[in-house]
Amino acid sequence: MNILREVQKFIEHYKKTINRLFALLGFLIISIVLFNLGTTTDLDQLKQINAHYFMLAALFSVLGFFCQALSWKYSIQAENTHYGALNAIHDHGITIFTKYIPGKVFAVASRAFLASSNTGITLTLSLIASTKNMLICLAVGTVLPLAYLALKGDLGFLPALAGITLSDDLDTITQSLLLLVAILVVVYIAKKKALGKQQVWVCLLYGLNWLLWILGFMFLSSSITGHFDLSIGAIYCLAICLGVIAIFAPGGLGVREGFFWLALTTMDYSAETAATLALASRLWFVLGELGIFVMAFLLRH
């Protein structure tokens, strides 16, 4: 604990310098990510994209990250301290690219450092709030897409990924059970009042965040395939969650696209179309991160 106190004093003393360092780190990481994207992928595959739908999809991506930033505001306010929306957007946005540092530690800690220096709460409480925020993000990001896919009957790709083929009746039973589990979890949390008022706002904002990404990815896929399918957006959200859980994959890169590509190939998508969608998804997601980062940078300057 003494170490954390010393770190907090250091952060408070050099707050302006640390803000600049996070901004420089963000520009450095996004440069590396974009360079890697340009040199390791065949961008000719993206020539078929409908520009209007892609721009709309990019807007939804940025709005999703904006909801994440607002959720961070309520996570800190849950610790009984005032924390403004502009500060939350800055602290979340300016550190968004720390997720590309392997280990995910910086992704949790960086915004906690800034929030602690801006509010005066202990670094320990700020780190706990950041961890809770990420766990809620993963919980909502898993339950919401799974519930939609179960309702629509599009969960057949999960056993297919494991090489298991279920009969139609068994497939329906499995999806119904998953939906029932999701409903029971929500009812249990509501009954036990496991979440305070601020954490409820965090859940609602993450629900909106994931819904925006599902819709955004629907527009992204339609810009390539020509038809609208919400299920593909829900599957990509599951891929994002898997990328977050993959601790040592920088920003979930590779894990996210690999799972997504495999899921699509077990459905009615060709390997080529699945590869194009996986490539477009990486560009789409980075644009959203860049959007909230630039927003945070402009807020400070």
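Keep in mind the model is a prediction, meaning the values are calculated, not measured.

### Focus: the overall build of the protein chain
Reasoning step 1: Each helix and strand in the protein chain was counted, giving 12 helices and zero strands.
Reasoning step 2: Counting helices and strands in the order they occur from the N terminus, the protein chain gives α-α-α-α-α-α-α-α-α-α-α-α.
Reasoning step 3: In the protein chain, which comprises 301 residues, the proportion classed as buried is 47%.
Reasoning step 4: Counting contacts in the protein chain only where the partners sit at least 6 residues apart, residues at least 24 apart contribute 76% of the total.
Reasoning step 5: Working note: accessible area of the protein chain is about 14600 Å², and carbon and sulfur atoms make up 69% of it.

### With respect to the packing of aromatic side chains
Reasoning step 1: As enumerated under the stated definition, the model contains 17 aromatic pairs in all.
Reasoning step 2: For the pair F219 and F228, a centre-to-centre distance of 5.9 Å together with 85° between the ring planes defines the contact as edge-to-face.
Reasoning step 3: Linked through ring pairs, F65, W210, W213, F217, Y236, F260, W284 and F285 together constitute an aromatic cluster.
Reasoning step 4: The lysine or arginine in question, K73, covers the ring of Y74, its NZ or CZ lying 4.0 Å from the ring centre.
Reasoning step 5: Looking at R111, its charged tip hangs above the ring of W72, at a distance of 4.4 Å from the centre.

### What about the side chain of S61?
Reasoning step 1: You can see S61 is positioned in helix α3 (residues 51–77).
Reasoning step 2: Among the residues examined, S61 registers a relative accessible area of 0% and is labelled buried.
Reasoning step 3: Beyond its immediate sequence surroundings of up to four residues, S61 is in contact with W213, W284, F285 and G288.

### A short note on the confidence of the model for the protein chain
Reasoning step 1: Summing up the model confidence of the protein chain, the mean pLDDT is 79 and the portion of residues at 70 or higher is 73%.
Reasoning step 2: Per-element mean pLDDT across the protein chain ranges from 52 in helix α8 (residues 168–192) up to 93 in α3.

### Observations regarding the side chain of S130
Reasoning step 1: In this fold, S130 is placed in helix α6 (residues 123–152).
Reasoning step 2: Once you skip the residues sitting within four places of it in the chain, S130 turns out to touch W72, V108, R111 and A112.

### Considerations on helix α4 (residues 85–94)
Helical geometry note: an α-helix holds 3.6 residues per turn, so side chains three or four residues apart project in the same direction.
Reasoning step 1: When you tally the buried positions in α4, you get seven out of 10 residues, the bulk of the element.
Reasoning step 2: Along α4, the residues classified as buried are A88, I89, H90, D91, H92, G93 and I94.

### Regarding the pattern of salt bridges
Reasoning step 1: Inspection of the entire model under this criterion finds three salt bridges.
Reasoning step 2: Salt-bridge contacts for R256 lead to E257; the nearest nitrogen and oxygen are separated by 3.3 Å.
Reasoning step 3: Judged by its relative accessible area of 7%, E257 falls in the buried class.
Reasoning step 4: If you follow the salt bridges from partner to partner, you end up with R256, E257 and R282 in one network.

Conventions and cut-offs
Every chain's residues receive numbers from 1 upward, in the order its sequence appears when written. Per-residue local features are limited, in this predicted model, to residues with pLDDT of at least 70; the limit for side-chain atom pairs, both in listing and counting, is 80 or more; totals at the level of whole chains, interfaces and linings are taken over all residues. In computing side-chain values, all of the structure's heavy atoms are included and hydrogens and water are not. A run of H or I in DSSP counts as a helix once it spans at least four residues, and a run of E counts as a strand once it spans at least two, with each numbered from the N terminus. Classification of residues uses two cut-offs on accessible area relative to the type maximum, computed with a 1.4 Å probe and protein chains only: under 20% is buried, over 50% is exposed, and between them is partly exposed. Here a residue-residue contact requires only that any non-hydrogen atoms of the pair lie within 4.5 Å. Per-residue and other accessible areas follow the Shrake-Rupley method at a 1.4 Å probe size, with only the shown protein chains counted as cover for residues. For Phe, Tyr and Trp, rings pair up if their centres lie within 6.5 Å, where Trp contributes its six-membered ring, and each pair is then called stacked (planes under 30 degrees apart), edge-to-face (over 60) or tilted (otherwise). Remark: a charge is flagged as sitting over a ring if the NZ atom of Lys or the CZ atom of Arg is within 6 Å of the ring centre and within 35 degrees of the ring normal. Known as pLDDT, the predictor's per-residue confidence is scaled from 0 to 100. Should a side-chain nitrogen of Lys or Arg be within 4 Å of a carboxyl oxygen of Asp or Glu, the pair is scored as a salt bridge.

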